[in-house]
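Take a look at the letters that make up each chain.
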Amino acid sequence: AGLSVVALAAGKKYFGSATDNPELTDTAYVAELSNTKDFNQITPGNSMKWDATEPSRGTFTFSGGDAVVALAKKNGQLVRGHNCVWHNQLPSWVTSGNFDNATLTSIVQTHCSTVVGHYKGQICKYSPPHSWDVINEPFNDDGTWRSDVFYNTMGSSYVAVALRAARAADPAAKLYINDYNIEGTGAKSTAMVNLVKSLKASGVPIDGIGVQAHLIVGQVPSTLQANLEQFTALGVEVAITELDIRMTLPETAALRQQQKQDYQSVIAACKAVAGCVGVTIWDYTDKYSWVPGTFSGQGAACPWDANLVKKPAYDGIVAGWQS
Ligand code: G3I
């Protein structure tokens, strides 16, 4: 501790946190989120998603996302847009509309181009340029396509439709496909490799693969670095986009030490791979982590505890950037 995380990563990689609008009324929380010695990047955890931005067809609302961007601008922080097309947090007009292929194609184009276009040039210039998770979670864990309204109506063409619309709306934004359980090598990572290869072969714009990294203490995949390298070998960048490392509660000193090692391993893997542009933790404090609400009996996944006090995991992050 005492070292600036951002200084350690300086000029080469970013380090950031997800946040969400209800948290922005917590002044102690915002003070640390705005501490640019620790964070030079923010991802809105919910407020740029489809249900928030286009709650009814053709009616767009950007107030939540705009508030996060305004904070990041004030702080001089980079923003990752999250996300354009995802099976979850969709308004019912999309999921229950029974649209045909042509209509849903048009809906996806309008959604992506309007949302990405809204934020064009709105985000302060940093290196690397700001990024969008255009496609979120397209695959099942076995590497097959997820059966959702987009795939079931448009086949895999929805990926290219969304990426092309995003590129046209903001040519400077780095366009990503983002997924979980692609940290190590395996069927799902192979599916991602094959998708990116086929997009590139077809001239579809794709700049990066987002590796979410919702991990479990003691279970960081040993193939993480090799897997990031297999992604960057495709000619795209990678980012660790949603890092947290959960444990079965209660939190013990031993678990905290293992978690410190695990955070260090993930940061060190990104540091070691030239094409890994940065790491985002999926909120920095256990106070606002999504984990306990989803995984019963698990939590303590973040580097800061629920009182906003740094845990050993923070020192692991510093050590990872120093490695
Ligand atoms: O907005 C409603 C609010 O009106 C209602 O009163 C409240 C009561 O439950 O729910 C609110 O919606 C919640 C929403 O977050 C906004 O706070 C949903 O219940 C809740 O399920 C939703 O959780 C989000 C989750 O995505 C949804 O899948 C998490 O905050 C968000 O951190 C999480 O983020 C995802 C990434 O986008 C993609 N990768 C996985 C990651 C973790 O699930």
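If you're wondering where the values come from, they're calculated on a predicted model, not measured in any experiment.

Asks: Would you mind going over the overall build of the chain in detail, with residue names and values included?
Replies: If you tally the helices and strands in the chain, you get 13 helices and ten strands. Computed over the C-alpha atoms, the radius of gyration of the chain is 19 Å, within 12% of the 20 Å expected from 2.2 N^0.38 for a compact globule of 323 residues. With respect to the three principal axes, the spread of C-alpha positions in the chain is 55 × 40 × 40 Å. Within the span of the chain, comprising 323 residues, buried residues form 55% of the whole. Pairs at least 24 apart in sequence give 79% of the contacts found in the chain among residues at least 6 apart. On the chain, roughly 11,900 Å² of surface is accessible, and the fraction owed to carbon and sulfur atoms is 51%.

Asks: Please set out the state of the cysteines residue by residue, giving values where relevant.
Replies: In total, this model carries one disulfide according to the counting rule given. Shown here is the disulfide that connects Cys270 with Cys276, its sulfur atoms set 2.1 Å apart. Judged by the sign of its S-S torsion, about -100°, the bond between Cys270 and Cys276 is left-handed. For the pair shown, Cys270 and Cys276 are each scored as buried. No disulfide involves Cys84; its nearest neighbouring cysteine sulfur is the one of Cys112, lying 4.5 Å away. Residue classification places Cys84 among the buried positions, given a relative accessible area of 0%. Residue class for Cys112 comes out buried when judged on its relative accessible area of 0%.

Asks: I'd like a description of the packing of helix α10 (residues 224-232) against helix α11 (residues 253-272), backed by residues and values.
Replies: Look at α10 against α11: their axes get within 9 Å of each other, and the N-to-C directions meet at 35°. As for how α10 packs across α11, the hand of that crossing is right-handed. Residues Leu224, Gln225 and Leu228 of α10 form the contact with α11, whose participating residues are Ser265, Val266, Ala269, Cys270 and Ala272. Split into classes, the residues belonging to the contact of α10 with α11 amount to six nonpolar, two polar and no charged.

Asks: An account of the site of the ligand is needed here, citing residue identities and associated values.
Replies: Surveying the vicinity of the ligand reveals 14 residues, the closest of which are Asn46, Lys49, His82, Glu242 and Trp282. Interatomic distance of 2.8 Å between a side-chain N/O atom of Asn46 and an oxygen atom of the ligand. One of the side-chain nitrogen or oxygen atoms of Glu242 is found 2.6 Å away from a nitrogen atom of the ligand. A total of 790 Å² of accessible area belongs to the ligand in isolation, and the protein chains cover 47% of it. A per-class count over the shell around the ligand returns three nonpolar, seven polar and four charged.

Asks: Run through the UniProt feature "active site" (unreviewed entry) in the chain, naming residues and quoting values.
Replies: When the UniProt feature table is mapped to this numbering, "active site" (unreviewed entry) covers Glu242. Position of Glu242 relative to the elements: it lies in strand β8 (residues 237-248). Looking at Glu242, the relative accessible area reads 5%, which means it is buried. A distance of 2.6 Å separates polar atoms of two side chains, one belonging to Glu242 and the other to His214.

Asks: Which residues make up the packing of α11 against helix α13 (residues 312-322), and what values go with them?
Replies: At a minimum axis separation of 7 Å, α11 and α13 run at an interaxial angle of 25°. One element, α11, and the other, α13, form an angle in the roughly parallel class. By crossing handedness, the relation of α11 to α13 is classed as right-handed. Residues Arg256, Gln257, Gln259, Lys260, Tyr263, Gln264, Ile267, Ala268 and Lys271 of α11 form the contact with α13, whose own contacting residues are Pro312, Ala313, Asp315, Gly316, Ile317, Ala319, Gly320, Trp321 and Gln322. Looking at side-chain class alone, the contact of α11 with α13 contains eight nonpolar, six polar and four charged residues.

Asks: Could you give an account of the side chain of Glu242, with specific residues and numbers?
Replies: One buried charge, Glu242, has no salt-bridge partner; the nearest side chain with opposite charge is Lys49, at 7.1 Å. Discounting residues that sit within four places of it in the chain, Glu242 has contacts with His82, Asn136, Asn178, Val211, Gln212, Ala213, His214, Thr280 and Trp282.

Asks: How would you explain the pairing of strand β2 (residues 41-44) if you had to name every residue and give the values?
Replies: Burial along β2 is two-sided: Gln41 and Thr43 and Ile42 and Pro44, pointing in opposite directions, are all buried. When strand β1 (residues 14-19) meets β2, the two strands line up parallel, connected through four bridges. Within the sheet, the bridge partner assigned to Ser17 lies in β2 and is Ile42. In this fold, β1 hands off to helix α2 (residues 27-33), which returns the chain to β2; that crossover is right-handed. Direction of pairing for β2 relative to strand β3 (residues 78-85): parallel, over a ladder of two bridges. Within β3, the residue paired with Ile42 across the bridge is Val79.

Asks: Would you mind going over the side chain of Asp133 in detail, with residue names and values included?
Replies: Turning to its location among the elements, Asp133 is positioned in strand β4 (residues 131-136). By relative accessible area, Asp133 is classed as buried at 1%. Within the structure, Asp133 has its side chain in polar contact with the side chain of Arg80 (distance 2.3 Å). When sequence neighbours within four positions are dropped, the list of residues in contact with Asp133 reads Arg80, Gly81, His82, Asn83, Cys84, Tyr176, Asn178 and Thr241.

Scoring rules and cut-offs
- Residues numbered from 1 in each chain as written.
- Predicted model: local features only at pLDDT ≥ 70, side-chain atom pairs only at ≥ 80, totals over all residues.
- Heavy atoms only, no water.
- Helix = DSSP H or I, 4+ residues; strand = E, 2+ residues; numbered from the N terminus.
- Rg over C-alpha atoms; globule rule 2.2 N^0.38 Å.
- Buried < 20%, exposed > 50% of the residue type's maximum accessible area, 1.4 Å probe, protein only.
- Contact = heavy atoms within 4.5 Å.
- Areas by Shrake-Rupley, 256 points an atom, 1.4 Å probe, with all protein chains shown as cover.
- Disulfide = S-S within 2.5 Å.
- Axes fitted to C-alpha atoms, helices over the stretch in contact; angles between N-to-C directions.
- Left-handed = near helix turned anticlockwise from the far one by under 90°.
- Nonpolar A, V, L, I, M, F, W, Y, C, P; charged D, E, K, R; others polar.
- Near = heavy atom within 4 Å.
- Polar contact = N/O pair within 3.5 Å; in protein donor to acceptor, adjacent residues only side chain to side chain.
- UniProt positions renumbered as here; feature names shortened; annotations may be inferred.
- Parallel < 35°, antiparallel > 145°, perpendicular 65-115°, else oblique.
- Lys, Arg positive; Asp, Glu negative; His and termini not counted.
- Salt bridge = Lys/Arg side-chain N within 4 Å of Asp/Glu carboxyl O.
- Pairing = 2+ DSSP bridges.
- Right-handed = clockwise from strand over helix to strand, strands pointing away.

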